[in-house]
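Architecture at a glance
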Amino acid sequence: MKSFFKYVLATVTGIVISFILLFVVGLIIIGGLVSSMSADKESVVVANSLLHIDLKHEITERTIPDPFEELDIPGFVTTKSFGLNDILKGISGAKEDDRIKGIYLDLSSVSASFATLQEIRDALLDFKESGKFIVAYSEGYTQRAYYLASTADKIYINPEGTIDFRGLASQTVFLKGTLDKLGIEAQVVKVGTFKSAVEPFILDKMSDANREQVSSFLGSIYDHFIVQISASRHIAADSLRAVADGYLVRTADDALTYGLADGKKYKDEILTELKDSLAIEADQDLNAVTLLKYKPAAKSASASFSNRVAVVYAVGDIVSGEGGDNMIGSERLSRELRKVRRDDKVKAVVFRINSPGGSALASDVIWREVDLLRKEKPVIVSMGDVAASGGYYIAAAADSIFAEPNTITGSIGVFGVIPNMQELYNDKLGITFDKVKTGRYADFLANVDRPLTADERNILQMEVNRIYDTFLQRVADGRGLSKAQVDSIGQGRVWSGQQALDNGLVDRLGSIDEAVTAAAQKAGLEDYRLVTYPAIKNPLESLLGGSADRISAWFSKQELGQHYRYYEQLKSTLQLRGIQARLPFTLEVY
């Protein structure tokens, strides 16, 4: 009996100590949240100031508070994310802010794709229309950073630095070798000559058709890249191509020789020049506010409360159900679209899409809600970095589609992947299975411990063909084309935004702000408020909702760094179920 009470006491003591520890950790986290929220207040902007833009943070579609960004955990370096919406708002606000006299672009690496960079670049060019100056400086410019820096009145580089200017490349990660080593066979059914989403699972290099389409859209993006820099730097496009092809810029002196930079300076010399531009004494400090902390002066609240333009964001892979922070859940997004449709105050809608696609069924569920919405209110789609496959499917019902020249879109095609893990289970793990069935197809798609039969593969192929036919019809109806015309530019082929404009998949090249203006005009609005959906959770709600998944992902990213994307791709491969309308591959342009 004495021993029994001893163990009971020890258990109770352990529970109490654990509770106290959890309570203390909770207080630390909440304290970190409170301090981070209080520290996040905007900086005070005084007269004769600079807007300091440093885009080393991850750039997302809109700023979403992350409670883990501000937590100081030993051994881990956290990275912030910054919404494109706030970046554009900040630059636009600085244009009209008399306290801001210019912009200092402090650039090295920039974490964004080219369509996002295009919107920021256009905002910088618009800022210059005010007559204010932009100065860019870096110890070394990546190509993406230089794309933004080329808008500056003056581009400076560290005397020992360089500008990376060598042309664009796109790399695809192929997983067949990994799957072979694991004993996993990717059983594939698809429609579309160019629908190469399945290639990383079944090949170790690009097919000829895939190489053709990648060369085509990458060439289109590169043409735009060169033309834009040519116009800003007043250098002939052919000359820029020759510089890139020969990799002629390797030092700071080379950058000056070929006109990519205006001078070599150290940081102290840059600060001195900025002080001269603002007529500040050498012994005084610059007045500067970072874009991350800058809050533009609030505009007049005279805009009509009863007339609203809603911006509905759809970001990430398309899945059935509620989805998550970086996924488009068909249930959640459909609910938001219905809410907008039923709100009499909302007169027009901008549907902002940044998605490589995903579940074909979930895409059709969302398409239905967009179609219903369009019948009652103007709907303008604004495409971000990518709106392809399922991402294009959900755009097809809109009145009009806007894209950037370097948006990745199209990929009208369908595929299905069923993993066969028989070798992994049987030969590598020594696991075997046996079963009893009441019918020939009773275990069809229910298990992955055996290969598909010929009949099962035929059934899947017919289903893929049927869904592709529906996809073609959705696009044909939305774009006013015949199914044959859509098929000719479909077949899973990926296009740049410029190419999509040429072949009729989009209506206009333009930013999200231009899409908002077009939506308002279509609704006959001159005075309106802008509202966004879905609502953004505050940091505490974000922490309490799905925190286990977020903590796990956070730690994985810290440990794996830039290799995290390979882990994500392999994980996604093993989780694929059902028929997919997804971008052909994990696309990386650098």
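Everything discussed here concerns the structure shown above.
Residues numbered from 1 in each chain as written. Predicted model: local features only at pLDDT ≥ 70, side-chain atom pairs only at ≥ 80, totals over all residues. Heavy atoms only, no water.

Details of the overall build of the protein chain
Counting its regular elements, the protein chain contains 21 helices and 23 strands. Buried positions account for 48% of the 590 residues belonging to the protein chain. Across the protein chain, the fraction of contacts at a sequence separation of at least 24, relative to all contacts at a separation of at least 6, is 76%. By element, 53% of the accessible surface of the protein chain is carried by carbon and sulfur atoms, the whole surface being about 28,100 Å². (Helix = DSSP H or I, 4+ residues; strand = E, 2+ residues; numbered from the N terminus. Buried < 20%, exposed > 50% of the residue type's maximum accessible area, 1.4 Å probe, protein only. Contact = heavy atoms within 4.5 Å. Areas by Shrake-Rupley, 256 points an atom, 1.4 Å probe, with all protein chains shown as cover.)

Description of helix α18 (residues 512-522)
Looking at α18, one finds that the buried residues are I512, A515, V516, A518, A519 and A520. After α18 finishes, the residue G524 shows a positive phi value of roughly 70°.

Examining unusual backbone geometry
Here the bond from Y533 into P534 is cis, since omega is -10°, no more than 30 degrees from zero. As for its placement among the helices and strands, P534 is situated in the loop between β22 (529-533) and α19 (539-544). A positive phi angle, near 45°, is found at Y247, a position not held by glycine. Its location among the elements puts Y247 in the loop between α8 (237-245) and α9 (252-257).

Side note on the sheet that holds strand β9 (residues 288-290)
Pairing is parallel in the open sheet, where six strands are placed in the order β8-β6-β5-β4-β1-β9. Bordering the open sheet on either side are β8 (263-264) and β9, each of which pairs with just one other strand. The pairing of strand β4 (residues 100-106) with strand β5 (residues 133-141) spans five bridges and is parallel. Looking across to β5, one finds that D106 is bridged to Y137. Those strands touched by helix α10 (residues 267-277) are β1 (49-53), β4, β5, β6 (154-163) and β8, and its axis lies near 180° from that of β5. (Pairing = 2+ DSSP bridges. Axes fitted to C-alpha atoms, helices over the stretch in contact; angles between N-to-C directions.)

A few points about the nonpolar core
Among the nonpolar cores identified, the biggest contains 76 residues, and Y141, I163 and F165 are the most heavily contacted of them. It is helix α7 (residues 208-233) that provides the largest number of residues to this core, a total of eight residues. Apart from residues lying up to four places away in sequence, I163 is in contact with Y141, Y146, I157, V249, A255, L260 and A261. Counting 56 residues, the second largest nonpolar core, distinct from the first, contains L337, L460, V464 and I579. (Core = buried A, V, L, I, M, F, W, Y, C linked by side-chain atoms within 4.5 Å.)

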